[in-house]
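What the coordinates show
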Amino acid sequence: MQKLKAANLYRSELIPISGKLVERYNQCLTKLGFTPTKLTNFSIDGIGWSPEIAEEKKEVYYLNNGDANPHGIIISPLQKGKPVYNPFHTFDRDMMQHVFKTHGDKINDITRDCAICIDFDQHIDAFYEPLDVLKYNDVAIRFHLINDLDKIQKQQLQLVEKFKVGHNFIDEDLHEQLLASAKAHGDLRNRDLNLHELHFTTDSFYTKAFNGVYVLRDFITPIVVFEDEKWYKEAIKDTIHEVIIFHMSQPELMEKLRDHVIIEYDLEEVVKTKRYERIKKFMLSQCLKDTQHPIKDILNDNVLFKSYLNKLDIDTRKKVMSVELYLEKLEVSNQYKIADIVDVKLFNALHEPHSSLDAKHQDLIWKLLVNISPMDVLFLYWYDKEQFYVTYNTWDESLKDWVIEVISNNI
């Protein structure tokens, strides 16, 4: 990952945490029912997740009490607008934006000397069956301050009110209680520590529950797509819910997404784009073995690209160039079918969200598409960084250099 870090492409917006903030973070972990970290320095993202603590605990989603009960931690106003690097749901960042938009000023004040635990309550105690993900609807976002500072404020205000009554201003015991509270917690009289509950309504989304599920319910008929074959087989036993269920690898999925006006393709237009060139070059890179030149040079140099393309066996060569071969044949006769000529993975990779979808739904469908056919390295980085990082580690060093160059040139 060093090359990605050097290019600021690997979790470059994490917030460093040390000193007093570590203590507050641990108080949050304890309040949420988790064990404290032993680390003295780490970093966090917008929702309070730390890659270093995840590695220490050997648990990526260490802020979850089961799949149905995620949490967040706010210990710094700098978390506002920061990425959520390892979201459990695709709407996690939207929820954090809602939190800071509503309570931003209060968060600035509270995090001067306190930290905030967030409970994302989906009104689901636990998941038992894969289609339980359909229960996601309204998420109640609740806030809890470490050391119950808001409750201490109420106690302090009660002491102040008592001080004002009759001759209590000369009560030495009352003086001591007020001074002790002020020394321990500061003057809380004029601070607004009330973070009222927020609500967030979900629509279509992706969740890591059951090893990855897409819930598309804003279209003609609700569609649920499973990444895990075991949970897919379990889900299709369901006879209660009126939904269409697919596994990610089923060819029928792409057809259904087209029929429901969720995705579309235009091969004649897409071949004119840089996106097509990226996909074609990456496809070639996966076919090359024991090259005399660095992969990066082969992909960037047209002469070398053609040279190595022509070194491939005829079937592989046809696969890489299948879209252009199909379009050439189509000019002569319309009897040819896409499925007979174009490689299916390449064809799937050239789809895009339907132009009628709003931006939020387009992002979700892009994520689905790059998971079905992860051949566009730029879009894989944009829409599924976790999978990108996993795949990146399997690539040739020179291919890594090319990918970093492609992404850097498009940011």
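Report follows, based on the coordinates.

Rules of the game
- Residues numbered from 1 in each chain as written.
- Predicted model: local features only at pLDDT ≥ 70, side-chain atom pairs only at ≥ 80, totals over all residues.
- Heavy atoms only, no water.
- Helix = DSSP H or I, 4+ residues; strand = E, 2+ residues; numbered from the N terminus.
- Buried < 20%, exposed > 50% of the residue type's maximum accessible area, 1.4 Å probe, protein only.
- Polar contact = N/O pair within 3.5 Å; in protein donor to acceptor, adjacent residues only side chain to side chain.
- Arc of directions from axis to C-beta.
- Contact = heavy atoms within 4.5 Å.
- Salt bridge = Lys/Arg side-chain N within 4 Å of Asp/Glu carboxyl O.
- Core = buried A, V, L, I, M, F, W, Y, C linked by side-chain atoms within 4.5 Å.

Quick look at the environment of Thr-394 now. Mapped onto the elements of the fold, Thr-394 is located in the loop between α19 (385-392) and α20 (397-408). Here Thr-394 falls in the exposed class, since its relative accessible area comes to 62%. Polar contacts involving the side chain of Thr-394 include one to the main-chain carbonyl oxygen of Thr-391, which spans 2.6 Å.

Where helix α12 (residues 302-311) is concerned, the buried positions are Leu-304, Phe-305, Tyr-308 and Leu-309. Buried residues along α12 cover an arc of 135 degrees about the axis, so they all sit on one side. Opposite the buried face of α12, at more than 90 degrees from it, the exposed residues are Asn-302, Val-303 and Lys-306. As for α12, its buried residues are in contact with α10 (274-285), α11 (295-300) and α13 (314-320). Among the residues of α12, the N-terminal cap falls to Asp-301, whose side-chain oxygen and the backbone nitrogen of Val-303 are separated by 2.8 Å.

Every buried residue belonging to helix α8 (residues 251-259) is among Leu-253, Met-254 and Leu-257, and all of these are buried. In an axial view of α8, the angular spread of the buried residues amounts to 95 degrees, which keeps them on one side of the axis. In this structure, the buried residues of α8 make contact with β8 (213-216), β9 (223-226), β10 (244-247), β11 (263-264), α16 (344-349) and α17 (359-372). Where α8 terminates, the next one or two residues include Val-261, which has phi positive at roughly 55 degrees.

Within the structure shown, the criterion is met by 20 salt bridges. Lys-135 is the salt-bridge partner of Asp-132, the closest N and O atoms lying 3.7 Å from each other. For Asp-132, a relative accessible area of 7% puts it in the buried group. Linking Glu-269 and Lys-272 is a salt bridge whose minimum nitrogen-to-oxygen distance equals 3.2 Å. Note on Glu-269: relative accessible area 43%, which makes it partly exposed. Taking the relative accessible area as the measure of exposure, Lys-272 reaches 64% and is therefore exposed. Three or more residues are tied together by salt bridges with common partners; here these are Lys-3, Glu-397, Lys-400 and Asp-401.

A few words on the nonpolar core. Core analysis: the biggest nonpolar cluster contains 67 residues, and Leu-216, Leu-257, Ile-262, Leu-267, Leu-284 and Phe-388 have the highest contact counts within it. With seven residues, the top contributor of residues to this core is α17. Not counting residues up to four positions away in its chain, the partners in contact with Phe-388 are Leu-4, Val-377, Leu-380, Tyr-381, Trp-395, Val-403 and Ile-407. Ranked by size, the runner-up nonpolar core spans 64 residues in total, among them Ile-75, Tyr-136, Val-213 and Val-215.

Moving on, we come to unusual backbone geometry. Although it is not a glycine, Arg-11 sits at a positive phi angle of roughly 45 degrees. Considering the arrangement of structural elements, one finds Arg-11 in the loop between α1 (2-6) and β1 (15-18). Here the phi dihedral of Phe-210 falls at roughly 55 degrees; this positive angle occurs in a residue that is not glycine. Positionally, Phe-210 belongs in the loop between β7 (205-207) and β8. Judged by relative accessible area, which is 7%, Phe-210 ranks as buried.

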